[in-house]
Amino acid sequence: MSERGGARVARGVLLSGVLAALLVGGVILSSMLGQLAVTPTEVVGSVLRATGIPNGWAPTDPIVESTLWVVRFPRIAMGLAVGAALAVAGAVMQAIFGNPLAEPGVVGVSSGGAFGAAVAIVLGLTSFGVGTLAVFAFAGSLLATMLVYVVSRANGRTEVVTLLLTGIAVNAFAGAGLAFLLFIADSGGREQIVFWQLGSLNGSRWQEVAIVAAVAALGTAAAIVLGRRFDILALGERNARHLGVNVEALRIGSIILVALLTGVAVAFCGIIAFVGLVVPHVIRMVIGPAHRALIVASSFGGGALMVFSDLLARSVVVGADLPIGLLTSLIGGPFFFFLLFRQRKRSGGWA
Amino acid sequence: MISATGVGVDLEGTTVLDGVTLDVVEGEVLVLVGPNGAGKSTLLAVLSGERPPTRGAVTLDGRELGAIRHRELARLRSVLTQENTVSFPFRVSEVVAMGRSPWARTIESRNDIVAVADALDAADVTHLAHRRYTSLSGGEKARVSLARVLAQGARTIYLDEPTASLDLRHQEDVMRIARRLAGQGRAVVVVLHDLTLAGAYADRLALISNGRLEAVGSPAEVLTEERVERVYGLPVELHLVGGKPVVVPLRE
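Everything quoted here is computed from the prediction, not taken from an experiment. (Residues numbered from 1 in each chain as written. Chains lettered and ligands numbered in written order. Predicted model: local features only at pLDDT ≥ 70, side-chain atom pairs only at ≥ 80, totals over all residues. Heavy atoms only, no water.)

Draft legend 1. Structural context of the sheet that holds strand β5 (residues 63–64) of chain B. Residue and element names in this part refer to chain B. What the four strands build is an open sheet, ordered β2-β1-β4-β5; its pairing is antiparallel. Where the open sheet ends on each side, the last strands, each with one partner, are β2 (14–24) and β5. Direction of pairing for strand β1 (residues 2–11) relative to β2: antiparallel, over a ladder of seven bridges. In the sheet register, A4 faces β2, and the bridge partner there is L22. Strands in contact with helix α1 (residues 40–47) are β1, β2 and β4 (55–60); relative to β2, the strand with the most contacts, it is inclined by about 55°. (Pairing = 2+ DSSP bridges. Helix = DSSP H or I, 4+ residues; strand = E, 2+ residues; numbered from the N terminus. Contact = heavy atoms within 4.5 Å. Axes fitted to C-alpha atoms, helices over the stretch in contact; angles between N-to-C directions.)

Draft legend 2. Inspection of the pattern of salt bridges at higher detail. As enumerated under the stated definition, the model contains 25 salt bridges over all chains in all. Across the pair E208 of chain A and R205 of chain A runs a salt bridge whose closest N-O atoms are separated by 3.0 Å. Residue class for R205 of chain A comes out partly exposed when judged on its relative accessible area of 45%. In this structure, E108 of chain B engages R100 of chain B in a salt bridge whose closest nitrogen and oxygen atoms are separated by 3.8 Å. The class of R100 of chain B is buried, set by a relative accessible area of 5%. Via salt bridges that share partners, D124, R143, R169, D173 and R176 of chain B belong to a single interconnected network. (Salt bridge = Lys/Arg side-chain N within 4 Å of Asp/Glu carboxyl O. Buried < 20%, exposed > 50% of the residue type's maximum accessible area, 1.4 Å probe, protein only.)

Draft legend 3. Looking closely at empty space enclosed by the protein. All names here are of chain A. Scanning the entire structure with this criterion turns up five cavities of 30 Å³ or more. If you add up the space inside the second largest cavity, you get close to 50 Å³. Of the residues forming the lining of the second largest cavity, the biggest block, three residues, is contributed by helix α13 (residues 324–347). (1 Å grid on protein atoms, 1.4 Å probe; cavity = no way out; pocket = protein on both sides within 12 Å on 5 of 7 lines; lining within 4 Å. Points joined across faces, edges and corners; volume = space filled by probe spheres on them.)

Draft legend 4. Structural view of the pairing of strand β3 (residues 29–33) of chain B. Residues and elements named next belong to chain B. For β3, the tally of buried residues reaches five of five residues, placing the bulk of the element in the interior. Burial of the side chains of β3 extends over both faces: V29, V31 and V33 are buried on one face and L30 and L32 on the other. Here four bridges tie β3 to strand β8 (residues 187–191), and the two strands are oriented parallel to one another. Residue pairing for β8: V31 is matched across the bridge by V190. Across four bridges, the pairing between β3 and strand β9 (residues 204–209) is parallel. Its bridge partner lying in β9, V31 is registered against L205.

Structure (structure tokens):
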């Protein structure tokens, strides 16, 4: 027992190390690359100087300094926060649906959030401040999550087919709503709505980063607290209840949590699909399904994935900034298909 | 002691259980038998506090069962349901350890490791401890679920058709475990279909028919040819083997 337990701990340590290396590497790489090339020593030096440690590496050119602190760092920080929020939302959603294929993008929670944000744009409410957008996106996400939850569950579990069909319906409905809003919006609003549908970290500001980071951190902490209960929920709703879990309260709390995490991500960066699917899945394969470790690792993994995706998004085509949602879907789509295929083979059908 | 008094349950306008008065006594194996749809599982759900009765009352040592909080109830009684799928590929040892969760942050939790090891051993699944639950066969899953319920360490244990997917030897094993738990002073309530198995291991047998308690008593008192034939609508022969009733359907 101890030998195998030791192997699992070793895997956990290895995963943490790999994730940390990816994160730090990704952050430095992403700070260096762009129209204005910055050296890694300048990046490290600038960060050290900002934390109050004077050093010889820090850039002397004020343009380099402002490129880092006004453009690149907020964008990277936003990537970390959004990636963490989406990955944790995915892990929580999979736990309450009892289904490893549940994901905010796939089942329409992201579209719901985008619809909510678009409503705020068209009604001209964004002038009340950035928070308004977030509130509307949260409301849209919450509505979509509740809808999916009520419609697609039977006997405490969700069959793959029902989940996907519900997702199609919710996505279609939110899509129609978005199309209608596009139709009635003025040209400025239209541009903004299109941005929401594609997703991007471009133009992130510190003020927005602070909101997303705060929600992501609080949401992740809440998910970690609920982690043991998510484990027990894997036994099925009845068994969880017999083990003393207040399933109804857990369910409601988790729905709000998913809507909050997804809503805040969508409000500022648009629809970035499949992060919540790919990240928890890969981590589950490495360290197993226990939720506490899964959620912690997912938050870092999601951040790392976003930083690299964003780096790719702004460097694949020279001088152009691809929407990041396009990239994650490009990777996530085939991955999703592979998971579906595997699940179908295992259960001998689509159920 | 858990007592049900005049318990009835209505589901969507149909009465599925009516006027059942039954005590669950510590140190005793109580077996619930009856035809399909007679209300055995509903009675089990009522006795375990999962379903509040429409009529009547269920009390645990005089306290209303519905008034006990989830977590406290989980320390007082454990339930093996027929639903034993697990959504994610947890290891067998992790699944069984989940049975200890009601004791988290109590002094009892110092016994977690021993309780899990004992439960794995009792259900004969120690050799599976490192396997992924999702990769097990139906019978193995059933035994691991039993181990989880045993690890919970409650004074009252409900087993809903625990022998359903098990082979002959493991059926006997499960009932022997039930006997041993009763020997430790716990109350054990088991739903079974096999009347012979029920007759061999029950201290008391409750025969349910059409939502009513048809008879309660020792297996020899309850299982008579006339009664089994009437309740199940099938002529049977009763033999006594080693003093225990064996029920054999009359075949052409």
